[in-house]
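Read off the chains here:
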There are 2 protein chains.
Amino acid sequence: MADPIDFYFDFSSPYGYFAAKRLPAIAARYGRSVAWRPMLLGAAFKISGARALPLMPLKGDYARNDMERAARLWEIPFKVPSKLPIASQAPVRISYWLESHHAEMKVPAIMALYHAFFVDDRDISDPETAADIASGVGIDRDVLLAATQAPEMKERARAETQAAIDRGVFGSPFIIVDGEPFWGSDRLDQVEKWLETGGF
Amino acid sequence: MADPIDFYFDFSSPYGYFAAKRLPAIAARYGRSVAWRPMLLGAAFKISGARALPLMPLKGDYARNDMERAARLWEIPFKVPSKLPIASQAPVRISYWLESHHAEMKVPAIMALYHAFFVDDRDISDPETAADIASGVGIDRDVLLAATQAPEMKERARAETQAAIDRGVFGSPFIIVDGEPFWGSDRLDQVEKWLETGGF
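So, a few notes on the structure that sits alongside this text. Numbering of residues starts from 1 in each chain and follows the order in which that chain's sequence is written. Numbering of ligands from 1 and lettering of chains from A proceed in the order in which they are written. pLDDT decides what is reported in this predicted model: residues at 70 or higher carry local features, side-chain atom pairs at 80 or more are listed and counted, and totals for whole chains, interfaces and linings draw on all residues regardless. Derived side-chain values reflect all non-hydrogen atoms in the structure, with water molecules and hydrogen atoms excluded from consideration.

## Digging into the packing of helix H5 (residues 106-118) of chain A against helix H6 (residues 127-134) of chain A
Residue and element names in this part refer to chain A. Our working definition: Lines fitted to C-alpha atoms define the axes here, with helix axes fitted over just the stretch in contact, and angles between the N-to-C directions of these axes take values from 0 to 180 degrees. Runs of E in the DSSP output that reach at least two residues are strands. Runs of H or I that reach at least four are helices, and both are numbered from the N terminus. An angle below 35 degrees is treated as roughly parallel, one above 145 as roughly antiparallel, one from 65 to 115 as roughly perpendicular, and anything else as oblique. Crossings are classed by handedness, with left-handed meaning an anticlockwise turn of the near helix from the far one by less than a right angle and right-handed meaning a clockwise turn. Should any heavy atoms of two residues lie within 4.5 Å, those residues are counted as being in contact. Side-chain classes are defined by residue name, with Ala, Val, Leu, Ile, Met, Phe, Trp, Tyr, Cys and Pro counting as nonpolar, Asp, Glu, Lys and Arg as charged, and the others, Gly among them, as polar.
Viewed as axis vectors pointing N to C, H5 and H6 meet at an angle of 125 degrees, and their least axial separation amounts to 9 Å. On the basis of the axis angle, H5 is oblique to H6. Here H5 runs over H6; the crossing is right-handed. Each of Ala109, Ala112, Leu113 and Ala116 in H5 lies in contact with H6, whose residues at this interface are Ala130, Ile133 and Ala134. Broken down by class, the residue content of the contact of H5 with H6 amounts to seven nonpolar, no polar and no charged.

Right, here's the structure in full:
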């Protein structure tokens, strides 16, 4: 059995959302599973010196158009959130709490959170909102809300982020296939080519 | 007759080089010409706050691998230059001097300069080297060398760069098709789709 494809992303990243919508089907075509690794990209930005695209002069205006165009091309429901970027601690902590306690609910909750943010414009940086949305997968909302404040989940989110940085992750989405790193939803075609050919 | 596709690039940009190799064939498939607009990207970086990829922590290591992998995928001869980025004033000034005096030599000279830098590892930031290489298209080398120091060519390079920035250009390559902006060689598939469909 081949190793899973490591999929690093930030909940605040539109291109991470696009990859979340597209990567599972690509992986499945090659019989591969996906390891979903939400992270706190701000910590990587502190090292790389990068800033969130929407905040950069010149790039910010371009980025909004590019996101909307990409969503149309790939037929992904998408609306630029009124607040972007956001802090993503709450959804990250909920994701890892689910991984530890109800693993089968983790990916459905991630997709529900992404959809809430990038389609319904709900502010998932707010712990109450994040818990409300994730509870839709069938987990008690107050348990999820507690997870957003639990010291062990704060530490877990930090540790997962550090582990990602230690592997060279600096952006979202960031995909590692059999040790080979691919940054950006615009590398998904190369990810597929890599899976098809075993490397080029 | 449709307008040309505006192609902005920096001579120091590997992805600009890749686009230079790939864009003409894409444009030709849709009966479109390309307007080649070399520019001094550093001036745009001062506004956007961006830095050259190879200089960024984390991103730099990734970028080298990404460039080499893209070149293999697209079967483009490529070697990471020993010095990257470089200042690109000399080749930009030569390009616009040719546009004004021997327009048909401009693109061949650009391709020769790009090839010298990204295949043969020659430092085209050096005016003597740039003039040597560009002279291969059949223009006197000393005339080209003089162009690299001519006040009107210095002003032209600045003006072209400012005009690019005024249109929102902040990276290389940057391609504008009928008013629609595309940043990055990884957007060439979308450029082609745009040409094919008239917009999506």
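Further notes follow.
## Describing unusual backbone geometry
Residues and elements named next belong to chain A. For clarity, the threshold we go by: Note on classification: 1.4 Å probe, protein chains only; a residue is buried when its accessible area is under 20% of the maximum for its type, exposed when over 50%, partly exposed between these limits.
Note that the residue after Leu84, namely Pro85, is joined by a cis bond; omega there is 0 degrees. Phi at Asp178 takes a positive value of approximately 50 degrees, unusual for a residue other than glycine. Within the secondary structure, Asp178 sits in the loop between strand S3 (174-177) and strand S4 (180-183). Given the relative accessible area of 51%, Asp178 is considered exposed.

## Notes on the pattern of salt bridges
Proximity of charged atoms lets side chains of opposite charge pair with each other. Our working rule: Salt bridges are identified by distance alone: a Lys or Arg side-chain nitrogen within 4 Å of an Asp or Glu carboxyl oxygen.
Enumeration according to the criterion identifies 40 salt bridges over all chains in this entry. Residue B:Glu180 pairs with A:Arg69 through a salt bridge whose shortest N-O separation is 2.8 Å. With B:Glu180 in strand S4 (residues 180-183) and A:Arg69 in helix H3 (residues 59-74), the pair connects residues from two separate chains. The class of B:Glu180 is buried, set by a relative accessible area of 13%. Across the pair A:Arg158 and A:Glu155 runs a salt bridge, and its minimum N-O distance is 3.1 Å. In this pair, A:Arg158 and A:Glu155 both sit in helix H8 (residues 151-166), three residues apart, roughly one turn of the helix. When salt bridges with common partners are traced through the structure, they connect A:Asp66, A:Arg69, A:Glu180, A:Asp186, A:Arg187, B:Asp66, B:Arg69, B:Glu180, B:Asp186 and B:Arg187 into a single cluster.

## Observations concerning the sheet that holds strand S1 (residues 5-9) of chain B
Across a sheet, paired strands are connected by hydrogen bonds in the backbone, their directions being either parallel or antiparallel. Residue and element names in this part refer to chain B. Worth spelling out the cut-off: One requirement defines pairing of two strands: DSSP has to find at least two bridges between them.
Strand order in the open sheet formed by four strands is S2-S1-S3-S4, and the pairing between neighbours is mixed. The two strands at the open ends of the sheet, each matched to only one other strand, are strand S2 (34-38) and S4. Taking the axes of each pair of neighbouring strands and ignoring which way they run, one obtains an average angle of 20 degrees across the sheet. Pairing between S1 and strand S3 (residues 174-177): three bridges, direction antiparallel. In the sheet register, Tyr8 faces S3, and the bridge partner there is Phe174.

## Brief notes about the interface of chain A and chain B
The criterion, for reference: Put simply, buried area is the surface a 1.4 Å probe can reach on two separate parts but cannot reach once they are joined, added for both. In the analysis that follows, any N or O atom pair within 3.5 Å is treated as a polar contact, provided that within protein one partner can donate a hydrogen and the other can accept it, and provided that, for residues neighboring in sequence, both atoms belong to side chains.
In this complex, chain A contributes 34 residues to the contact, which on the side of chain B involves 34 residues. Carbon and sulfur atoms supply 61% of the area that chain A and chain B bury against each other, a total of about 3000 Å² over both sides. Linking chain A with chain B are six salt bridges, by the criterion used here. Taken together, the connections running from chain A to chain B amount to 16 residue pairs in polar contact (both at pLDDT 80 or more). Elements supplying a minimum of two residues to the side of chain A that touches chain B: helix H2 (41-48), H3, S4 and helix H9 (188-197) of chain A. For the side of chain A that touches chain B, the element with the highest residue contribution is H3(A), accounting for eight residues. For the side of chain A that touches chain B, the per-class residue count stands at 19 nonpolar, five polar and ten charged.

## Thoughts on helix H5 (residues 106-118) of chain B
Residue and element names in this part refer to chain B. To keep things clear, this is the line we draw: Take the number of residues in a helix, subtract one, and multiply by 1.5 Å to get its expected span.
In a regular helix each residue adds 1.5 Å, so 13 residues correspond to 18 Å; H5 covers 18 Å between its end C-alpha atoms and thus fits that length. Those residues of H5 lying buried are Lys106, Ala109, Ile110, Leu113, Tyr114, Ala116, Phe117 and Phe118. Next to the buried residues of H5 lie S1, helix H1 (14-29), S2, helix H4 (89-101) and helix H6 (127-134).

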